[in-house]
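# Understanding the architecture of this molecule
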Amino acid sequence: MRPILMAAGLAAAFALTGCGDSSAKKAEETAAAQAPARKPFGRQRQLYQGQEPIVSVQSGTIAANGPNLTLTVQGTAAGPGYTRGSFLPRINPAAPKDGLYEVDVVAIKPADGATGAPEPIEIKGEWPGYPADRLKGVIFMAGTNEITVMLPETAAPAAQ
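Anyway, here's the lowdown on the structure attached to this text. The structure presented is a predicted model; accordingly, all values stated were derived computationally and were not measured. What you see as residue numbers is a count from 1 along each chain, following the sequence as written. Under the rules for a predicted model, residues below a pLDDT of 70 receive no local features and side-chain atom pairs below 80 are neither given nor counted, while totals for whole chains, interfaces and linings still include all residues. In computing side-chain properties, one takes all heavy atoms of the structure into account and sets aside hydrogens as well as water.

### What about the pairing of strand E8 (residues 146-150)?
Partly exposed describes any residue whose relative accessible area lies between the buried limit of under 20% and the exposed limit of over 50%, with all areas from a 1.4 Å probe on protein chains only and scaled to the type maximum. Note on conventions: DSSP H or I runs of at least 4 residues are helices, E runs of at least 2 residues are strands, and numbering of each starts at the N terminus. Going residue by residue along E8, you find Ile147 and Val149 tucked away on one face and Glu146, Thr148 and Met150 left uncovered on the opposite face. Pairing geometry for strand E7 (residues 137-141) and E8, over five bridges, is antiparallel. When the bridges of E8 are listed, valine 138 appears paired with valine 149. The rule for pairing is simple: two strands pair if DSSP sees at least two bridges between them.

Structure representation (structure tokens):
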């Protein structure tokens, strides 16, 4: 009787170990499918009182405008009443090798602390003294996401 019980126990153990394999494989496949998060290169600047990153960034544009870089972002603020949106270029230990500079997108939260549904926000600004000789694009960083916008190529003068 004892050998029969041991054989039944071993059969049950093998059956149960087979059940766990599929979920473990699924977890490994899911982890492999998710790309690792990009580590920021620069250090965030000090925020002024009341400033905080907007929730997310949907789109952005950049354009060289003489010694300044014109930045525009369409994003989402945490609620109504966010004002004075601006851009804070991150402090880099060295020039990024890929030419992509990180910029935090921030706004002043309402003084009364009003909360509500997330609300669209448009932020426009200038980056004076940007590194024109090294900049190839800007990474706009928000609270939950980031987007990369490349500097448009300037048209070469036509040869005559």
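### Remarks on the environment of valine 105
Assignment of secondary structure puts valine 105 in strand E5 (residues 100-108). By relative accessible area, which is 0% here, valine 105 ends up buried. Residues contacting valine 105, with those up to four places away along its chain left out, are Glu52, Pro53, Ile54, Val57, Val73, Ser86, Phe87, Ile123, Phe140 and Met141. Any two residues having at least one pair of non-hydrogen atoms within 4.5 Å are treated as being in contact.

### Description of the sheet that holds strand E6 (residues 119-128)
Working definition: the strands of a sheet are paired by backbone hydrogen bonds and lie parallel or antiparallel to each other. In spatial order, the strands read E2-E3-E6; together these three strands make up an open sheet with antiparallel pairing. Where the open sheet ends on each side, the last strands, each with one partner, are strand E2 (56-65) and E6. Going across the sheet, the axis of each strand differs from the next one's by a mean of 15°, ignoring polarity. Where E2 meets strand E3 (residues 68-77), nine bridges bridge the pair, whose relative direction is antiparallel. Bridge pairing in E3 places glycine 60 opposite valine 73. Orientation is described by lines fitted to C-alpha atoms, with helices fitted over the stretch in contact, and by angles between N-to-C directions that extend from 0 to 180 degrees.

### Concerning the pattern of salt bridges
Every case where a carboxyl oxygen of Asp or Glu lies within 4 Å of a side-chain nitrogen of Lys or Arg is listed as a salt bridge. Summed over the entire model, instances satisfying the criterion amount to three salt bridges. Between lysine 109 and glutamate 52 there is a salt bridge; the shortest N-O distance is 3.7 Å. Within this pair, whereas lysine 109 is found in the loop between E5 and E6, its partner glutamate 52 is found in strand E1 (residues 51-53), the two being separated by 57 residues in sequence. On the basis of relative accessibility, which here comes to 23%, the residue glutamate 52 falls in the partly exposed class. Among the ionic pairs, arginine 134 bridges to aspartate 133, the shortest N-O distance being 3.6 Å. Residue class for aspartate 133 comes out exposed when judged on its relative accessible area of 66%.

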